[in-house]
Structures are given as C-alpha cells and as structure tokens.
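# Examination of the molecular architecture
Chain by chain, the residues run as shown.
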Amino acid sequence: QTYFKGPDHAGSRDWGRVKMGARSMRGAFLTTLVAAKGSRGFLGPAVAMARPAAGPERLFSTSGGAHQHLDLPEAPTRGRVGFLGLGIMGEGMAQNLMKSGRSILVWNRSSEKCAALQDAAGTAFVEIAEHPADVVKQCDVVFSMLSTPQACDAVYRTSSTGILAGLDGRDTPCAIVDCATLTEADMKALAKEVEDRGSKFLEAPVSGSKGPAFTGTLIFLAAGDETVFEDADIKTDLDAMGKASFFLGTVGAGTRMKLVVNMVMGSMLSALSEGLDLAEAADLPQDKLIEVLSLGAMANPMFALKGPKMIAGDHAPNFPLKHATKDMKFALSLAKDLGMKEGRDVDSVLPVAAAATARFEKAMQKGLGDEDFSAVFEGK
C-alpha cells in the first residue's frame, strides 16, 4: 500500500483516509490510499494521523527571506527525534515534524539556522546540538538530510564528532533515516558502517524540492531495514513530511529509484529548454508554447511551474542546478555500473539522458550551479 495526501489548501491539516477516485467533500486536505504491490517489495501501509491541536502562531524567517507560519501544537506530543541538516530541504522537513507533535534535537553546519528555528518554535520544540554525535547519542531516531556525498562523509565519519562516533557511544540501537541522494555504493557503505555498530539504517531519498519539503508533500523512496520503515512512529514522521512513502527492498534500491526519477526529470527539463530555444528561433511566442503544452497529453506540473520562470530568467533556487547535475551524472554512472552499455559507451545506451547531462554541465560552466535547475535553459 502507498499513502498519499493532497495539497494543504486551507493552511491546516484535515487528516483522513479516502479511496482512490473519491472526491474531497471539503477540499481542505485530501488523503488517498492506494493498494499496490511490486516485484521488488511492497509499498508501505498508511497510518492515519490525527492533527494535533494548534498552538500559538509563530513566524519563521527562512534563508530565502520569506516568512513561514509555524502552526505548532501547544506543546510536543510525540517525543523527540534527531535531525541533521537544515538546508533547502531539511528546513521544511524539520518544521513538519514539529507540526506533527515532535520535538527535535537539531544540528546544522551553520548554527545560525538552528538558532533561527529555535527562536521561531521555542525551546520546548527545538534543542540545538553541538555535534552530530551528540544527536545520535541522545535520540533513538535520527533523520539526516545532507546535500552532497562530501557532506555525508564528513558528518558520518569525522572521528570524534560524527554520526558513527555517536553510535559507538550507544548501548542500544539507533535508527538512522538517511534522506540524501548519493551513489548506490556510498549509501551501502554508510548502511554497513551503521549496522556494524549495532544500529539500524533506512535509506529514504526524496522526490520533491523546496516547496514540497515545506508543504509536507515529499515522496520517500525507502529501502533497508524494514522494521524501521514499519515502525508506527517513524511512519507517522514520514506521513508528516510527505504525501507518499514507498518501501523498495534492500539498501540501494531507494537510491536507484531516485536516480532514475531525477534522470527522467532532468531530461524533460532539458527537452523543454530546447523547445523554448526552437520556438524563439522560429519567431514563436514562448509563452504560447507553454500554454499549448499545458492543454495536451504533455501537460505536467513541472512545465507549468518552471516554463514561465525560464522565459523570465527567474532561476531562484528550489532544487539547485549543481545537485540536479550531480544526480544526472550519478544516473549515467549507475547505467554503466549495471552493465547496460554492453560494450558500448553510456551515451549510446541512454542518449537522451547523456545529451541532457551535457546541457546541464554547460550551464554549470556558466557559474549557475547555485541557481535552480531550471537554469539548464541557459546551457546553450
């Protein structure tokens, strides 16, 4: 089974369970339950979650300068978890955990973000740790959302202050839920190091960007320790942060799915970039191209959202180009590692993805890595 929830149009959460195809009577918040089974495993069951009583409204100033309303309960109701990484994704994810009633022990490389979150939510909801090891020592469940393989390596393996050092200091198992996008080999190596220390590991990379992270509509692509995925509290955490959670099997399967998804996404956006280029060269209004696409079989939320911004040159980051480029390259490497090339180069096996990756790299060479991945449009 897979658990879905729809957009939070009313600014509050009206939780429920509705069969696929049913219509929301109130439109405030739709949850859909779909039964499905896959050859590589099962798709995790839904857990209904009651909305906690709302507390005083709080304002939180994000790194982008916008103010987010923190509609938190009066006090934590579900116990404490650890959270590592308050970047573009982690910031919203941590907020949604608190909205579900959790308190968090948080660490981030730049402590200013931790302080801002604590100021907004209050000390009852947010405690700040000095090192990742401190989080792991004090919390039985720790979510990690780090941006790059290099960051993960440092946060896990720094000798006395990293995650692994914290696990060495525990008498009981800790459940690590890692939401980063890495290579399959890197994720498997981290899982082994965690498990060798008597703890549990669930990889849970996400499909979704900054907006879904804040609205709690991410998609979790989980694999690894099934008991962690099935834990009722952790499932409630995933439901608070996402609209769907898939369990895909042993460690590595979640990463493979994420790379395939992002490869398709990047290829689509590169194709839209070429379409906009051709429309301009053919003396056609680019906005009309977006409108035409929105009315046919190719209509999709990404084109509707990114297309107008690409035309306007607005690449304010939700999913940075440098991370999208990394994922495209990881996907090509995965194809090579799986032996798909059969004596040929990867470009001939995944020619569309390879060409899209080349355009991403051209945009990177123009210094646009910190812009949104819609800046692939500039990689001409």
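Let me sum up the structure you'll find in this document. (Residues numbered from 1 in each chain as written. Predicted model: local features only at pLDDT ≥ 70, side-chain atom pairs only at ≥ 80, totals over all residues. Heavy atoms only, no water.)

Before going further, it helps to examine helix 11 (residues 286–294). Among all positions of helix 11, only Gln 286, Ile 290 and Leu 293 are buried. All buried residues of helix 11 fall inside an arc of 65° around its axis, so they share one side. Those residues of helix 11 that are buried lie in contact with helix 10 (253–281) and helix 12 (301–312). (Buried < 20%, exposed > 50% of the residue type's maximum accessible area, 1.4 Å probe, protein only. Helix = DSSP H or I, 4+ residues; strand = E, 2+ residues; numbered from the N terminus. Arc of directions from axis to C-beta. Contact = heavy atoms within 4.5 Å.)

To continue, consider the packing of aromatic side chains. Within this structure, the stated rule accounts for 2 aromatic pairs. Both rings, one in Phe 229 and one in Phe 247, keep their centres 5.3 Å apart while their planes meet at 45°; by these two values the pair is tilted. Pair noted here: Phe 229 is in helix 8 (residues 226–230) and Phe 247 is in strand 16 (residues 242–247), with a separation of 18 residues, a long-range link. Residue Phe 229 shares its accessibility class with Phe 247, and that shared class is buried. The lysine or arginine in question, Lys 235, covers the ring of Phe 229, its NZ or CZ lying 3.7 Å from the ring centre. (Phe/Tyr/Trp six-rings, centres within 6.5 Å; stacked < 30°, edge-to-face > 60°. Lys NZ or Arg CZ within 6 Å of the ring centre and 35° of its normal.)

Moving on to the nonpolar core. Counting residues in hydrophobic clusters, the biggest one holds 37 residues, and the most contacted among them are Phe 83, Met 93, Met 98, Ile 104, Val 126, Phe 143 and Phe 220. Sequence-distant contacts of Phe 220, that is, excluding residues within four places in its chain, are made with Met 93, Cys 179, Ala 204, Pro 205, Val 206, Leu 238, Met 241, Gly 242, Ala 244, Ser 245 and Phe 246. The next biggest cluster of nonpolar side chains, apart from the first, holds 26 residues, and it includes Cys 174, Leu 182, Met 187 and Ala 191. (Core = buried A, V, L, I, M, F, W, Y, C linked by side-chain atoms within 4.5 Å.)

In this structure, Ser 103 sits in strand 9 (residues 103–107). When sequence neighbours within four positions are dropped, the list of residues in contact with Ser 103 reads Pro 76, Gly 79, Arg 80, Val 81, Ala 124 and Phe 125.

In the contact formed by helix 10 and helix 11, the axes pass within 9 Å of each other and the chain directions differ by 130°. Looking at the two axes, helix 10 sits oblique to helix 11. Viewed along their axes, helix 10 and helix 11 form a crossing whose handedness is right-handed. Every residue of helix 11 that contacts helix 10 at Leu 272, Gly 275, Leu 276, Ala 279 and Glu 280 is listed here: Gln 286, Leu 289, Ile 290 and Leu 293. (Axes fitted to C-alpha atoms, helices over the stretch in contact; angles between N-to-C directions. Parallel < 35°, antiparallel > 145°, perpendicular 65-115°, else oblique. Left-handed = near helix turned anticlockwise from the far one by under 90°.)

What follows deals with the side chain of His 315. Relative to the helices and strands, His 315 is located in the loop between helix 12 and helix 13 (321–337). Residue His 315 is classed as buried on the basis of its relative accessible area of 7%. At 2.8 Å, the side chain of His 315 and the side chain of Ser 374 are in polar contact. (Polar contact = N/O pair within 3.5 Å; in protein donor to acceptor, adjacent residues only side chain to side chain.)

Glancing now at the pattern of salt bridges. Taken as a whole and assessed by the stated rule, the structure comprises 17 salt bridges. Of the charged contacts, one joins Arg 78 and Asp 237 as a salt bridge, the two residues approaching to 2.9 Å between their closest N and O atoms. Note that Arg 78 is positioned in the loop between strand 7 (67–73) and strand 8 (80–84) and Asp 237 in helix 9 (residues 232–241), a separation of 159 residues in sequence. Residue Glu 361 is joined to Lys 329 by a salt bridge in which the shortest nitrogen-to-oxygen separation is 3.6 Å. Here Lys 329 lies in helix 13 and Glu 361 lies in helix 15 (residues 351–365), a separation of 32 residues in the sequence. Under the relative-accessibility criterion, Glu 361 is labelled partly exposed at 28%. (Salt bridge = Lys/Arg side-chain N within 4 Å of Asp/Glu carboxyl O.)

Treat this as a map of the structure, not an account of what it does.
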